[in-house]
Amino acid sequence: MRKLSIIGMPMDLGQMRRGVDMGPSAMRYAGIYENLSTLFDEIDDKGDIAIGRPEVVVDPKSNLRNLQLVAEKNQELAKAVSKVVEEGAFPLVLGGDHSIAIGTLAGIAQHYKTLGVIWFDAHGDLNTAETSPTGNIHGMPLAVNIGLGHELLTNMLGYSPKVKPEHVVIIGARSLDEGERKLIKEKGIKVYTMHEVDRLGMTKVMEETIAYLKDKTDGVHLSLDLDGLDPTDAPGVGTPVTGGVSYRESHLAMEMLAESGIITSAEFVEVNPILDEKNKTAAAAVKLMGSLFGEKLL
């Protein structure tokens, strides 16, 4: 029996632009249940983690924005996601900004010995308090998950790291800070920038990614930031970067992941309906979910 559990994480505390907290509602409105109902025997929407409307607080020691609350709410998400895994369902988390990946992966990784991660994103999200130009935690979740960053974030659920750098593949990168570039080289993280996507083609990129992760991991989490897509296809994101992955290339990537059978959990993040055009970005997210879960035209 194939079961899907949906958890909404309407958090916008990891960055400065408001609106991404409405991302889970926008994706539900775009028809998640209707689009995925034929692909699962059972879909359980567990609703949203309650975030509230807190004031922005900058931690005086680390200069991180909303550190305490981001840590607290990610802890709640981690426990909710872990319970879904224990129930034998596929966890699908709806964001919210990308800092929610701290909680998602904390909840998932404890159930695997060698979890792999595909990070589909225009950005590396590999900053720390020392390298971040903004102090925004949504630019740090991948660093946190490989064990780098503030202990309130890295030690979530009492263990660190959640994944090893050699089990991570970043796809679609085209905006990396200096500290992130150094870290990628230092840790040997596999990255397919848009240069590689253009040069090799998405088919080759996905073939290599699947082959790279398949034998060395016992599960793979997909963390898909909608700004990985080109802004013409996904305008409703907080940090758009031109020259991204096309809508069709993204579907191909999801279809190949579906065929591979390696994906064991997923999250779709950074949908901001305030910046969107008639819910276009949320609709794209839902259609990509369909491809990820095996929807076919024929």
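Residues numbered from 1 in each chain as written. Predicted model: local features only at pLDDT ≥ 70, side-chain atom pairs only at ≥ 80, totals over all residues. Heavy atoms only, no water.

A. Here's a closer look at the pairing of strand β3 (residues 90-95). Most of β3 sits out of view: six of its six residues are buried. Going residue by residue along β3, you find Phe90, Leu92 and Leu94 tucked away on one face and Pro91, Val93 and Gly95 tucked away on the opposite face as well. Both strand β1 (residues 3-9) and β3 contribute to a ladder of six bridges, which runs parallel. Bridging from a neighbouring strand, isoleucine 7 pairs with valine 93 of β3. (Buried < 20%, exposed > 50% of the residue type's maximum accessible area, 1.4 Å probe, protein only. Helix = DSSP H or I, 4+ residues; strand = E, 2+ residues; numbered from the N terminus. Pairing = 2+ DSSP bridges.)

B. Representation of the packing of helix α10 (residues 247-260) against helix α11 (residues 280-292) in the model. The N-to-C vectors of α10 and α11 enclose an angle of 30°; their axes lie 7 Å apart at closest approach. Relative to α11, the element α10 lies roughly parallel. Within the contact between the two elements, α10 uses Tyr247, Ser250, His251, Met254, Glu255, Leu257 and Ala258 and α11 uses Ala284, Lys287, Leu288, Ser291 and Leu292. For the contact of α10 with α11, the residue count by class is seven nonpolar, three polar and two charged. (Axes fitted to C-alpha atoms, helices over the stretch in contact; angles between N-to-C directions. Parallel < 35°, antiparallel > 145°, perpendicular 65-115°, else oblique. Contact = heavy atoms within 4.5 Å. Nonpolar A, V, L, I, M, F, W, Y, C, P; charged D, E, K, R; others polar.)

C. Region of the structure containing the sheet that holds strand β4 (residues 115-120). Here eight strands make up an open sheet; going across it, the order is β2-β1-β3-β8-β7-β4-β5-β6 and the pairing parallel. If you trace the sheet from one side to the other, it starts and ends with β2 (42-48) and β6 (190-193), each paired once. Shown here is a sheet whose adjacent strand axes are inclined to one another by a mean of 15°, direction ignored. Two elements, strand β7 (residues 219-225) and strand β8 (residues 263-269), share six bridges in a ladder whose sense is parallel. In the strand pairing of β8, histidine 221 is matched with serine 265.

D. Fine view of the pattern of salt bridges. Across all of its chains, the model carries eight salt bridges by this definition. In this structure, glutamate 87 engages lysine 46 in a salt bridge whose closest nitrogen and oxygen atoms are separated by 3.5 Å. Taken together, the positions of glutamate 87 in the loop between α3 (67-86) and β3 and lysine 46 in strand β2 put the pair 41 residues apart, joining distant regions of the chain. When its relative accessible area of 34% is taken as the criterion, glutamate 87 is described as partly exposed. Looking at lysine 46, the relative accessible area reads 37%, which means it is partly exposed. Here glutamate 76 and lysine 73 are joined by a salt bridge, their closest N and O atoms 3.3 Å apart. With glutamate 76 and lysine 73 both in helix α3 and three residues apart, this pair spans about one turn of that helix. A residue is classified by how much of its surface remains accessible, and glutamate 76, at 34% relative accessible area, is partly exposed. Owing to a relative accessible area of 10%, lysine 73 belongs among the buried residues under this scheme. It is possible to trace a salt-bridge network through shared partners that takes in Arg28, Asp45 and Asp48. (Salt bridge = Lys/Arg side-chain N within 4 Å of Asp/Glu carboxyl O.)

E. Fine view of unusual backbone geometry. That bond from glycine 95 to glycine 96 is cis: its omega, 25°, falls within 30 degrees of zero. Among the secondary structure elements, glycine 96 is positioned in the loop between β3 and α4 (101-109). Following serine 160, the chain continues into proline 161 via a peptide bond in cis, with omega recorded as -5°. When you line up the elements, proline 161 lands in the loop between α6 (151-154) and β5 (168-173). One non-glycine residue with positive phi stands out, namely aspartate 125, at about 55°. Within the fold, aspartate 125 resides in the loop between β4 and α5 (141-145). You will see that glutamate 270, though not glycine, has its phi angle at about 70°, which is positive. Looking at where glutamate 270 falls in the secondary structure, it is placed in the loop between β8 and α11.

No statement about biological role is implied by the geometric values presented.
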